[in-house]
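Residue-level structure breakdown
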Amino acid sequence: MIKTGSIKKIRQLVADAKADGKKVGLVPTMGAFHEGHTNLIKKAAKSADFVVVSIFVNPTQFLPSEDYHLYPRDVKKDAKQAAELGVDVVFVPTAEKMYPKGFSSFVKIEEITDILEGEVRLSHFKGVTTIVAKLFNIVQPDTAYFGQKDAQQLAVVRKMAAELNFPVKIIACPTVRDEHGIALSSRHQYLSESQLKKARGIHAALQEGSKLIKSGILDFGQVRRRIYDVLNTYGIKRVDYVSFNQWDSLEPVRKPGGKVLISLAVRLGTTRLIDNIIMNFKQ
Ligand code: PAF
């Protein structure tokens, strides 16, 4: 496995792989690997011939009040794991390389970035789409892998790739959960034991919502109230939103039909956690 921070080098490696007829898969990450990441990498290793994993804590997707400087970083450990999983290249650029002095070109997808996460994390998606567009241009992958845990990010990246004609297929990978149903996140490193216990309520609440809908309750207002109740029972008091949106346009919905994304964001201490489920209703 090759580890490089050079854009020129990665372009050459990918060009050589493509010249050999290989399909290139990209797994964009911010590092601090957990099983969610290794799952994406395994999927890439299965379906692509040449796998590039980028590790870059992207400053432009953090608000000034967020945890950019604190965000967990362990490139050495990540690179070792990537090598064990059969990754061909780990791309680890510096912030100066990705955003040289005077950088002023951004990619912003309108509307679907103004709701849900975008409502609280104002310029977050502009940072995500800018870095993902840059990675697509640098690596020119045939396929790119994103987790469903960040469902809005997945929808935004899909829309960007389609609308800006990036010749890349976006592959969605299921959320990886621990034995208590908690969706794995690098930010769990910030949680105390008692906060981690409370976090179990997130998936429990989503499951309760889905159970209620399956039992025939079709009023999402009622389902939302039940989800809040369950969160409360687990000691989760600060809820940013519980939302029902069409997958994957993210149009808000009031009752079941098609694929519905049920998503929520909560705060445990200073840590913000998100999770979701997608329910499929026959039209
Ligand atoms: O999901 C993430 O880790 C990041 O948002 C991504 C896609 C790597 C862009 O920085």
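Refer to the preceding data block for the structure.
Now for a look at the structure at hand. Because the structure is predicted, anything quoted here is derived from the model rather than measured.

Conventions adopted
Residues numbered from 1 in each chain as written. Predicted model: local features only at pLDDT ≥ 70, side-chain atom pairs only at ≥ 80, totals over all residues. Heavy atoms only, no water. Helix = DSSP H or I, 4+ residues; strand = E, 2+ residues; numbered from the N terminus. Expected span 1.5 Å × (residues − 1). Buried < 20%, exposed > 50% of the residue type's maximum accessible area, 1.4 Å probe, protein only. Contact = heavy atoms within 4.5 Å. Phe/Tyr/Trp six-rings, centres within 6.5 Å; stacked < 30°, edge-to-face > 60°. Lys NZ or Arg CZ within 6 Å of the ring centre and 35° of its normal. Pairing = 2+ DSSP bridges. Right-handed = clockwise from strand over helix to strand, strands pointing away. Axes fitted to C-alpha atoms, helices over the stretch in contact; angles between N-to-C directions. Parallel < 35°, antiparallel > 145°, perpendicular 65-115°, else oblique. Left-handed = near helix turned anticlockwise from the far one by under 90°. Nonpolar A, V, L, I, M, F, W, Y, C, P; charged D, E, K, R; others polar. Arc of directions from axis to C-beta. Polar contact = N/O pair within 3.5 Å; in protein donor to acceptor, adjacent residues only side chain to side chain.

So, about helix α2 (residues 35–47). Relative to the 18 Å expected for 13 residues at 1.5 Å per residue, α2 spans 18 Å between its end C-alpha atoms, a close match to the ideal helical length. Within the span of α2, buried status applies to Gly36, His37, Thr38, Leu40, Ile41 and Ala44. Buried residues along α2 sit in contact with β2 (24–29), β3 (50–55), α3 (75–84), β5 (143–147) and β6 (169–173).

Turning to its location among the elements, Ser210 is positioned in helix α8 (residues 193–214). Not counting residues up to four positions away in its chain, the partners in contact with Ser210 are Ile277 and Met279.

Quick look at the packing of aromatic side chains now. Here the structure, examined in full by the defined rule, presents 7 aromatic pairs. For the pair Phe62 and Tyr71, a centre-to-centre distance of 5.8 Å together with 75 degrees between the ring planes defines the contact as edge-to-face. In terms of burial, Phe62 and Tyr71 fall into one category: buried. Ring geometry for Tyr99 against Phe103: centres 4.9 Å apart, planes inclined by 90 degrees, an arrangement best described as edge-to-face. Over the aromatic face of Tyr68 sits the side chain of Arg73, whose NZ or CZ is 5.0 Å from the ring centroid. The lysine or arginine in question, Lys126, covers the ring of Phe106, its NZ or CZ lying 4.7 Å from the ring centre.

Right, let's get into the pairing of β5. Among the 5 residues in β5, 4 count as buried, and that is most of the element. Two strands pair when backbone bridges link them, and β2 and β5 are joined in this way by 2 bridges, in the parallel orientation. Residue Gly25 lies in a different strand from β5, and its bridge partner there is Thr143. As paired elements, β5 and β6 share 5 bridges and run parallel to each other. Residue pairing for β6: Gly147 is matched across the bridge by Cys173. Traced from β5 through helix α7 (residues 151–163) to β6, the parallel crossover comes out right-handed.

Turning our eyes to something else, we now look at the packing of helix α6 (residues 124–139) against α7. For the pair α6 and α7, the least separation of the axes is 10 Å and the interaxial angle reads 50 degrees. Between α6 and α7, the angle falls in the class oblique. Helix-helix and strand crossings are classified by hand; for α6 and α7 the assignment is right-handed. Contact residues: α6 offers Phe125, Val128, Thr129, Val132, Ala133 and Phe136, while α7 offers Gln152, Gln153, Val156, Val157, Met160 and Ala161. For the contact of α6 with α7, the class distribution of residues is 9 nonpolar, 3 polar and no charged.

This brings us to the sheet that holds strand β8 (residues 258–268). By definition, the strands of a sheet pair up through backbone hydrogen bonds, in either a parallel or an antiparallel sense. Read from one edge of the open sheet, 3 strands run β7-β8-β9, paired in antiparallel fashion. Whereas interior strands pair on both sides, the edge strands pair on one side only; in this sheet they are β7 (238–246) and β9 (271–281). Strand-to-strand twist of the sheet, defined as the mean angle between neighbouring strand axes without regard to direction, takes the value 15 degrees. Where β8 and β9 come together, 11 bridges link them in antiparallel fashion. When the bridges of β9 are listed, Leu264 appears paired with Asp275. Against the sheet, helix α9 (residues 220–233) engages β7 and β8, with an angle of about 145 degrees to β7.

What follows concerns α9. Helix length check: α9 (14 residues) gives 20 Å between terminal C-alpha atoms against 20 Å at 1.5 Å per residue, within 8%. Within α9, burial applies to Phe220, Val223, Ile227, Val230 and Leu231. The buried residues of α9 occupy an angular sector of 100 degrees when the element is viewed end-on, so they sit on one face. In α9, those exposed residues whose orientation departs by more than 90 degrees from the buried face are Arg225 and Thr233. For α9, the elements touching its buried residues are α8, β7 and β8. For α9, the N-terminal cap is Asp219; the gap from its side-chain oxygen to the backbone nitrogen of Gly221 is 2.8 Å.

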